[in-house]
Amino acid sequence: RNTTTVASDLNGVGPPGTGPVREQPPPPEAHVPAPEARDDAEPVRTDAPTAEVAVVSTDDAMSSGAVPWSTYLAYLRSIRSPLLIVCTLLSYVLANSASVGQQLLVAKWIEADAGASGAVYLRGLVQAAGVVSLFQYLRSYLTMRAGTRASARLHDGMLGSVFGAPVSFFDATPSGQILSRFSKEMDVVDRSLPDQLGWVVTCFLQIFVTGLALTAAITPLMAVPLSILGFFYVRIMSHFRPAARTFKRNESKTRSPIYTHFGEALRGGETIRAANAAQRWSDQHGGLIGANLSVHYSLKRLDRWLSVRLEFLGNAMVFAAATASIAVARAGRTTAGSTGWGLTQALAITGLLNWAVRCLTESETQMMSVARIAELTGRRPG
């Protein structure tokens, strides 16, 4: 508005040629006219947060409970070859069957007459060893091949999602979480997870074979102590696995702040030295490391709790197998080779039970690395 218009308004007279202006009563102070709604206006979100919302990681969202089956399916789908998965599982069955056949050949050699030629059995053992070595090499190669394909797929998907994420994602997500997924979690998927899943399959196959050996080589009545052993074994696993999962998740959750704290020190080292806060930073970093080590120490104590109970169950099974072998041998219903093979399997069951539950629990916790990677892989820019 120009000077003439302002002056005319003050005197109650409009611009030249417009005549006097009628005074208008002032509007009520409490009344504020609402803006007119526009059809092209962006709708107001009533559920929008008023503050910055941090990304909820898988560790925080899954504080308890078993790893969902969707995580296992996501890992298997990342292999992108059903034929490779079937061949890998078949190689484990063949390798375990070849090892059992080699042990049975030794048992037959023990039962053979003194005049029998040992060269025949020795040649058979050499051939059986060659077959076992071939199947074990095939098992290792297929496991490595499947693990490499899965890890490459997961890494590429996570990298593409992070590169395509908006800036708000990096503002809300601690850098330690991203760094942990590209370092620790990918290292688990690359190196540990394929072998760990293979050990789970191997252990349970060997436990199944051990049960068959005890019932077939010694006496079918061994199914009774095996059933009792299985009952207590499941009870112990039901107590151990949830606690182990919780400790493993807490170990991962207390590890990410260490990366974040150290990364902040690398970016702001000059500020820390200028404020003479190096000792305070060192104390804070030591506290974060101490919290992580305390969880690790608790996990080791839980391992010792498991070992004591599984050793007791295994020794009880060996005692039952030895007692049954003596009773059956006195009755003349078994041979020395079969009895020896059954006792050998019974002696190995202690280590098998211990190793199987550890491998199963460790595979569950390592599958959490796949869930954490899938958390970033499933994120889309927006």
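Please refer to the structure placed before this passage.
Bear in mind the structure is a predicted one, so any value in this text is a computation, not a measurement.

Overview of the overall build of the protein chain
Next up, step 1: Each helix and strand counted, the protein chain has 11 helices and 0 strands in total.
Next up, step 2: When its helices and strands are written in sequence order, the protein chain yields α-α-α-α-α-α-α-α-α-α-α.
Next up, step 3: Classification of the 382 residues of the protein chain by burial places 35% in the buried group.
Next up, step 4: Of the roughly 23200 Å² of accessible surface on the protein chain, a fraction of 63% belongs to carbon and sulfur atoms.

Some points on the packing of helix α4 (residues 82-111) against helix α11 (residues 336-377)
Next up, step 1: Where α4 meets α11, the axes come as close as 8 Å, and the angle between the chain directions of the two elements is 140°. Taken as axis vectors, α4 and α11 run oblique relative to one another. Handedness of the crossing formed by α4 with α11: right-handed. Across from V100, Q103, L104, A107, I110 and E111 in α4, the residues of α11 making contact are G337, S338, W341 and Q345.

Focus: helix α3 (residues 69-79)
Next up, step 1: Those residues of α3 that sit buried are T71, Y72, Y75, S78 and I79. Take α3 and look down its axis: the buried residues cluster within an arc of 125°, on one side only. For α3, the exposed residues lying more than 90 degrees away from the buried face are W69 and R77.
Next up, step 2: Summarising the contacts, the buried residues of α3 are in contact with α4, α5 (118-163), α7 (175-218) and α11.

Remarks on the packing of α3 against α5
Next up, step 1: Relative orientation of the contacting elements α3 and α5 amounts to 100°, with a least axis distance of 7 Å. As far as their axial angle goes, α5 and α3 are roughly perpendicular. The segment α3 lies against α5, with Y75, S78 and I79 engaging A146, G147, R149, A150, R153 and L154.
Next up, step 2: In terms of residue class, the contact of α3 with α5 is made up of 5 nonpolar, 2 polar and 2 charged.

Digging into the packing of aromatic side chains
Next up, step 1: According to the stated counting rule, one finds 6 aromatic pairs in the structure shown.
Next up, step 2: When the ring of W69 is compared with that of Y72, the centres are 5.4 Å apart and the planes differ by 45°; the resulting orientation is tilted. Here the residue W69 and the residue Y72 both occupy positions in helix α3, the gap between them amounting to 3 residues, near one helical turn.
Next up, step 3: Relative accessible area serves as the criterion here: at 19%, Y72 is assigned to the buried category.
Next up, step 4: On the numbers, 5.9 Å between centres and 85° between planes, the contact of W199 with W355 is edge-to-face. Here W199, found in helix α7, pairs with W355, found in helix α11; they are 156 residues apart in sequence, far enough to count as distant.

About the criteria used
- Residues numbered from 1 in each chain as written.
- Predicted model: local features only at pLDDT ≥ 70, side-chain atom pairs only at ≥ 80, totals over all residues.
- Heavy atoms only, no water.
- Helix = DSSP H or I, 4+ residues; strand = E, 2+ residues; numbered from the N terminus.
- Buried < 20%, exposed > 50% of the residue type's maximum accessible area, 1.4 Å probe, protein only.
- Areas by Shrake-Rupley, 256 points an atom, 1.4 Å probe, with all protein chains shown as cover.
- Axes fitted to C-alpha atoms, helices over the stretch in contact; angles between N-to-C directions.
- Parallel < 35°, antiparallel > 145°, perpendicular 65-115°, else oblique.
- Left-handed = near helix turned anticlockwise from the far one by under 90°.
- Contact = heavy atoms within 4.5 Å.
- Arc of directions from axis to C-beta.
- Nonpolar A, V, L, I, M, F, W, Y, C, P; charged D, E, K, R; others polar.
- Phe/Tyr/Trp six-rings, centres within 6.5 Å; stacked < 30°, edge-to-face > 60°.

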